[in-house]
Amino acid sequence: MFRLWGKTFLHNRMTNDLVVCNNSEESRTTKIFQAVTEICQTFDLSEPIWLDINIRDFKRHSKTRFTQDNFIDSIDFDYLEIQVIEEDGARHFVYLLDETLELTNVGLLSTNMAELLVKGITELSYRECAAKVSEMTGQTISAMGVWNVIQALGEKICEEEKELTEDYKKGHLKGEKEVPVLFEEADGVYINLQGKDRKNARQGKAEMKIGIAYDGWRKTGSNRYALENKVVVAGFSRAKEFHEYREAAIGSMFDLDEVSQRILNADGASWIKKVKDKSTCFQLDPFHRNKAVKEKIHHPKACQDILELLQAEKIEEVFHYLELYRNSLCEEGEIQDVEDLIRYYENNREGLLPYQSQGLELPENPDGLEYRNMGTMENHVWSVLAKRMKH
């Protein structure tokens, strides 16, 4: 028997629900529309408009949500959710990897094996992953077989990223999480390429960009904190395309119209500063800010003095000290290094102070989260990119 479960939600609480059953010989599509009509009549609603994102979600998951954007009349709830239920009461769903590979049965490639391949390839080489999974499952798969599975999944993910970006541009995407402050970080890391990709890149390398966003820190133990509602994106795309997808990914989690202050922590690279608008508070990443001093200032005493001035947030004194220090040098290479540091700090002068000292009036987080020092990017570069690319 076909069953469709309809539910309305307000502030993450279910306010109405109805299960519509249909045992007729009509097509599945007809049953869906008939059930939606019955749900809307019971809830005294006008019928929602099916947007592209609803059609796509329902095809993949047999589930979708209708927000105010889907209704002509105003609604007094956040969204209407519909979901197909099987005869045994289980929710109907498909595995995206099976859908990607056009698998309709377990005989070709089991879901468990596919999941093992995806998890294994993030820690092992293709050859090692194939050997490990073959040993664990008793099903033989070659390194090329693993490669084919991952490539198929990667192509599907690229398509979904493009679709997500297009939905965001059209205004069809709006996250449910409402937060007053949004923290963002961005960085890039150069990856050694192989094969034909190497021939198309400068010096056999390409920069992979990574961005994260979260709405605060939640205490999880003694002196332990975790980022709340973290969104992570990464890719080799150009700055403009990466920024568009990054905004779409963040917008799918957070309602950006409700964010009163966005704060960006980054190393000052030109492509990163392009992602921020005038209302975004910029902070130069403390790790890169201090690393630049240690790399460009060759005298330990001067290096320590500059770091102490930065720590004390005496920015004008930092520039004054650097100029005096440069004028005291004789070696051309050392002078050039100091001038490079001065130029780097001048280009990022607005971000030399931490965001807490830039005069922002941040509203309190309603969920009791804390606002702490930013600078988690290097750890994410390792855990998200470097650790997975070393093979």
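The structure presented is a predicted model; accordingly, all values stated were derived computationally and were not measured.

A. Fine view of the nonpolar core. In this structure, Val293, Ile297, Leu310, Leu322 and Tyr345 are the most contacted members of the largest nonpolar core, which totals 40 residues. For this core, the element with the highest residue contribution is helix α11 (residues 300–311), accounting for 6 residues. Cys40, Leu45, Phe66 and Leu80 belong to the second largest nonpolar core, which has 18 residues in total.

B. Focus on the environment of Phe242. Looking at where Phe242 falls in the secondary structure, it is placed in helix α8 (residues 239–253). Of the residues examined, Phe242 reaches a relative accessible area of 1% and is grouped as buried. The spatial distance from the C-alpha of Phe242 to the C-alpha of Ile272 is 9.9 Å, given a sequence separation of 30 residues.

C. Main features of unusual backbone geometry. Located in the positive-phi region is His11, a residue other than glycine, with phi close to 55°. With respect to the helices and strands, His11 occurs in the loop between β1 (2–10) and β2 (13–22). Given the relative accessible area of 61%, His11 is considered exposed. One non-glycine residue with positive phi stands out, namely Ser62, at about 55°. Mapped onto the secondary structure, Ser62 falls in the loop between α2 (52–61) and β3 (63–66).

D. Inspection of the layout of surface pockets at higher detail. Here the second largest pocket defines a volume of roughly 740 Å³. Those elements that place two or more of their residues in the lining of the second largest pocket are α2, β3, α6 (143–169) and α8. At 6 residues, the largest contribution of residues to the lining of the second largest pocket is made by α2. Classifying every residue of the lining of the second largest pocket by side-chain character gives 6 nonpolar, 8 polar and 13 charged.

E. Just the pairing of strand β6 (residues 205–214), in detail. Counting buried positions along β6 gives 8 out of 10 residues, so the element sits mostly inside the fold. By the bridge criterion, 10 bridges tie strand β5 (residues 181–192) to β6 in an arrangement that is antiparallel. The residue bridging Asp187 from the neighbouring strand is Ile210, located in β6. One ladder, built from 5 bridges, connects β6 with strand β9 (residues 231–235); its direction is antiparallel. Each residue of the ladder has a partner; that of Ile210, found in β9, is Ala234.

F. Up close: the confidence of the model for the protein. Scored by pLDDT, the protein comes out at a mean of 84, with 86% of its residues at no less than 70. For the stretch residues 90–108, pLDDT sits under 50, and the model shows 34 contacts to residues farther than four places along the chain or on other chains.

G. Representation of helix α13 (residues 332–347) within the structure. With 16 residues, α13 ought to run about 22 Å at 1.5 Å a step, and its terminal C-alpha atoms sit 22 Å apart, in line with that. Taken residue by residue, α13 has Ile335, Asp337, Val338, Leu341, Ile342 and Tyr345 as its buried positions. Each buried residue of α13 sits inside an arc of 160° when the element is viewed along its axis, so together they form one side. Exposed side chains of α13 directed beyond 90 degrees from the buried face belong to Glu332 and Asn347.

Calculation criteria
Residues numbered from 1 in each chain as written. Predicted model: local features only at pLDDT ≥ 70, side-chain atom pairs only at ≥ 80, totals over all residues. Heavy atoms only, no water. Core = buried A, V, L, I, M, F, W, Y, C linked by side-chain atoms within 4.5 Å. Buried < 20%, exposed > 50% of the residue type's maximum accessible area, 1.4 Å probe, protein only. Helix = DSSP H or I, 4+ residues; strand = E, 2+ residues; numbered from the N terminus. 1 Å grid on protein atoms, 1.4 Å probe; cavity = no way out; pocket = protein on both sides within 12 Å on 5 of 7 lines; lining within 4 Å. Points joined across faces, edges and corners; volume = space filled by probe spheres on them. Nonpolar A, V, L, I, M, F, W, Y, C, P; charged D, E, K, R; others polar. Pairing = 2+ DSSP bridges. pLDDT = per-residue confidence, 0-100. Contact = heavy atoms within 4.5 Å. Expected span 1.5 Å × (residues − 1). Arc of directions from axis to C-beta.

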